[in-house]
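The residues making up each chain are set out below.
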Amino acid sequence: MSATEAPLSAASDPDRFPVKTWLIAFAGWAFDFYDLVLFSFLLVPIGHEFSLTATQEAWLLGVALGGSGIGGIAFGYLSDLYGRRTVMMWTILLYSLGTALTAFSAGPWTLVLFRLITGLGVGGEWAVGHALLAESSPARMRGRASALLQAGEPLGVALAALMGLFAAPVLGWRGVFLVSSASAAIAIVVRRHMPESRLWDRQHRAHLGPMEALRRLAHARLLGTLGKGFVLGVLKLGTYWTCYTWLPRFLQAPEYLNQPVGRSAAWIVTAQLGQLLGMLAFGVIADRHGRRQAFTGYSLLTAAALFPIAFHGRAVVGAPVLFWSLLFAMGLGSGCTAGFGALLAELFPTEVRNFAMGTAYNTARGVQLFAPVAVSFFVARHGLAGGLGVPVVLAVLTAAWVWTLPETRFRDLGAIPTEERGRAALGRP
């Protein structure tokens, strides 16, 4: 065990994997992400109906991501105040409401409003679910628990691809959004069956305000850590969103790869299968070798897979086996998003954990509001190479930046201090 890995504490470390908590949180996260990305697969019919410009489409793709940043901070704070279970129920109801309202959009401005509502719920749900599962899991397998929860992400994308590409021609894009709002039923399950975090029950402070939360982070000298976690999120999530929000169009558009809808859907599902397997493997690797090593290896794999598609796309698409392999490898590398839940939970104390996690991760995701716009800038100047070159660069930067954070494997969540005198317990000088 390294100097930065705090010892385990029997008092605060659960003795077995919380299956019920994981199952409910997994369902909430899978439909959370499904509702977030569904819009990108329905953008073509929506754009035709409302005569959207390319710039309007880019901003509409990003507005829910921007809202997720606000939701992560707000609901992260509320979760530290009122409990993980209660606030998870609120966030699921909110993103389901936003999805339902999207079906009744009358134009671009109502689309913006309803996608913003969806994003607020999406941002809150991620932080609450990961904090709850981390606090309920044994330290020895916290990385695997985080990965098992985050594995709902590729499932959500695959479902969104199938609904967007195959159900929309039958139901219409409004019908797809309306049907998808049934995810609100998960909130009922949360209310009836989700156990509260015992660690939160023991350590939360009922009247801790936002400024007090920041003060406690400052006293523990964790504001810098919060900033580093934010930058890691910007780089890694930037890699994901600059790639995946444009991938359907890159695959189908005649000026790029010119592939039929059916084949494009199959390739997207292939990438998501790779991401699912990558996430499941990430947890094992992170628990065995450490968080930083796992992030680095996965990010470099992503860059290596995207590079030939970006700069030799027409050639590799003509070699189907190679192209399938590259998309699968790209998916595997994208699996390192599975590490954020455990890593961020292990950086911050219980009474401000969800606030800090939601702030770091979801403000980073909120910055992705600009990802589609940034990619469109480089696409206009350099085509496919410019568009996919952005995530290649971001992936390499992710692999380097993660080393600015301490290794947190095996850290006892109940012993992370909020006062400066406890800095030694965090492995700090």
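Here the structure is a predicted model, which is why all the values come from computation and not from measurement.

**Some points on the overall build of the protein**
And step 1. Within the protein, the regular secondary structure consists of 18 helices and zero strands.
And step 2. Scored against the burial criterion, the 429 residues of the protein give a buried share of 62%.
And step 3. The contacts of the protein with a sequence gap of at least 6 include a subset with a gap of at least 24, amounting to 86%.
And step 4. Of the roughly 15,800 Å² of accessible surface on the protein, a fraction of 69% belongs to carbon and sulfur atoms.

**As for helix H15 (residues 320-334)**
Think of an α-helix as turning once every 3.6 residues; residues three or four places apart then point the same way.
And step 1. Helix length check: H15, at 15 residues, gives a terminal C-alpha distance of 21 Å against a target of 21 Å (1.5 Å per residue), a fit within 8%.
And step 2. Every buried residue of H15 is accounted for by Phe-323, Leu-326, Leu-327, Ala-329, Met-330, Gly-331, Gly-333 and Ser-334.

**Remarks on the packing of aromatic side chains**
And step 1. Inspection of every chain in the model, using the stated rule, returns 18 aromatic pairs.
And step 2. Judged by centre distance (5.3 Å) and plane angle (55°), the ring pair of Trp-29 and Phe-33 falls under tilted. You can see Trp-29 and its partner Phe-33 sitting in helix H1 (residues 19-41), four residues apart, about one turn around the helix.
And step 3. Judged by relative accessible area, which is 1%, Trp-29 ranks as buried.

**Some words on the packing of helix H5 (residues 108-136) against helix H6 (residues 142-150)**
And step 1. Across the interface, H5 lies against H6 with an axial gap of 10 Å and an inter-helix angle of 145°. Where H5 crosses over H6, the two elements pack in a sense that is right-handed. Counting all contacts with H5, which are made through Trp-126, Gly-129, His-130, Leu-133 and Ala-134, the residues of H6 involved are Arg-142, Ala-145, Ser-146, Leu-149 and Gln-150.
And step 2. A class-by-class count of the residues in the contact of H5 with H6 yields five nonpolar, four polar and one charged.

**Quick look at the confidence of the model for the protein**
And step 1. Across the protein, the average pLDDT comes to 81, with 87% of residues at or above 70.
And step 2. No element of the protein has a lower mean pLDDT than helix H12 (residues 247-252), which averages 68, and none a higher one than helix H11 (residues 223-244), which averages 90.
And step 3. Taken together, the stretch residues 419-429 has pLDDT below 50 and engages in 24 contacts with residues farther than four places along the chain or on a different chain.

**Some remarks on the packing of H1 against helix H4 (residues 84-102)**
And step 1. For the pair H1 and H4, interaxial distance at closest approach is 10 Å and the crossing angle is 30°. Considering the angle they form, H1 stands roughly parallel to H4. For the element pair H1 and H4, the recorded crossing hand is left-handed. Within the contact between the two elements, H1 uses Ala-25, Gly-28, Phe-31, Asp-32 and Asp-35 and H4 uses Met-88, Ile-92, Tyr-95, Ser-96 and Thr-99.
And step 2. Class assignment of the residues belonging to the contact of H1 with H4 gives a composition of five nonpolar, three polar and two charged.

**Focus on the environment of Ala-100**
And step 1. Tracing the sequence through the fold places Ala-100 in helix H4.
And step 2. The class of Ala-100 is buried, set by a relative accessible area of 17%.
And step 3. Sequence separation of Ala-100 and Val-179 is 79 residues, and the distance between their C-alpha atoms is 7.9 Å.
And step 4. Among residues more than four places away in sequence, those in contact with Ala-100 are Phe-177, Leu-178 and Ser-181.

**Digging into the side chain of Ser-334**
And step 1. Tracing the sequence through the fold places Ser-334 in helix H15.
And step 2. With relative accessibility at 3%, the residue Ser-334 sits in the buried group.

**Let's talk about a nonpolar patch on the surface**
And step 1. A contiguous nonpolar surface patch, about 270 Å² in accessible area, is contributed by Trp-59, Val-367 and Phe-370.
And step 2. Here Phe-370 is to be found in the loop between helix H17 (350-367) and helix H18 (371-401).

**A short note on helix H3 (residues 54-82)**
And step 1. An ideal rise of 1.5 Å per residue puts 42 Å on 29 residues; H3 measures up with 42 Å between its terminal C-alpha atoms.
And step 2. The largest bend in H3 amounts to roughly 30° and is located at Gly-62.
And step 3. One or two residues past the end of H3 sits Gly-83, with phi positive at roughly 110°.

**Let's talk about the nonpolar core**
And step 1. Ile-46, Trp-241, Met-330 and Leu-344 are the most contacted members of the largest nonpolar core, which has 116 residues in total.
And step 2. It is H1 that contributes the most residues to this core, twelve residues altogether.

**Description of the pattern of salt bridges**
And step 1. Counting across every chain of the model gives eight salt bridges.
And step 2. Linking Glu-135 and Arg-84 is a salt bridge whose minimum nitrogen-to-oxygen distance equals 2.6 Å. Taken together, the residues span a long stretch of sequence, with Glu-135 in helix H5 and Arg-84 in helix H4 at a distance of 51 residues. Of the two residues, Glu-135 and Arg-84, neither departs from the other in class, the shared state being buried.
And step 3. Across the salt bridge formed by Arg-292 and Glu-407, the nearest N and O atoms sit 3.8 Å from each other. Of this pair, Arg-292 sits in helix H14 (residues 291-317) while Glu-407 sits in the segment after H18; the two residues are 115 residues apart in sequence, bridging distant segments of the chain.
And step 4. Among the residues examined, Glu-407 registers a relative accessible area of 4% and is labelled buried.

Analysis parameters
- Residue numbering note: each chain is counted from 1, following its sequence as written.
- For this predicted model, a pLDDT threshold of at least 70 governs which residues receive local features, and a threshold of 80 or more governs which side-chain atom pairs are given and counted, while totals over whole chains, interfaces and linings are taken from all residues.
- For side-chain calculations, the full set of non-hydrogen atoms in the structure is used, while hydrogens and water are omitted.
- The helix count covers DSSP runs of H or I at least four residues long, the strand count covers runs of E at least two residues long, and both are numbered beginning at the N terminus.
- Relative accessibility under 20% of the residue-type maximum defines a buried residue, over 50% an exposed one, and the middle range a partly exposed one, all with a 1.4 Å probe and only protein chains included.
- Only heavy atoms enter the contact rule, under which two residues are in contact if any of them lie within 4.5 Å.
- The accessible surface values rely on the Shrake-Rupley method and a 1.4 Å probe; as for residues, cover is taken only from the protein chains in view.
- For a helix, the expected span equals 1.5 Å multiplied by the residue count minus one.
- Centre distance within 6.5 Å is the pairing criterion for rings of Phe, Tyr and Trp, where only the six-membered ring of Trp is used; planes under 30 degrees apart are then read as stacked, over 60 as edge-to-face, and the remainder as tilted.
- Every axis corresponds to a line fitted to the C-alpha atoms, with the helix fit spanning only the stretch in contact, and the corresponding angles, defined between N-to-C directions, vary from 0 to 180 degrees.
- It is the rotation of the near helix from the far one that decides the hand of a crossing: anticlockwise by less than a right angle makes it left-handed, clockwise makes it right-handed.
- By the convention adopted, Pro, Cys, Tyr, Trp, Phe, Met, Ile, Leu, Val and Ala count as nonpolar, Lys, Arg, Asp and Glu as charged, and the other residues, Gly among them, as polar.
- What pLDDT conveys is the predictor's confidence in a given residue, as a value from 0 to 100.
- The cut-offs work like this: below 35 degrees is roughly parallel, past 145 is roughly antiparallel, 65 to 115 is roughly perpendicular, and the gaps in between are oblique.
- Like-charged residues are merged into a patch within 9 Å and nonpolar side chains (Val, Leu, Ile, Met, Phe, Trp, Tyr) within 5 Å, provided each residue has over 30% relative accessible area and no salt bridge.
- In the sections that follow, a salt bridge refers to a side-chain nitrogen of Lys or Arg positioned within 4 Å of a carboxyl oxygen of Asp or Glu.
- Bend angle per residue: angle between axes fitted to the 7 residues ending at that residue and the 7 residues starting there.
- Residues grouped as a nonpolar core are buried Ala, Val, Leu, Ile, Met, Phe, Trp, Tyr and Cys residues, joined through side-chain atoms within 4.5 Å.

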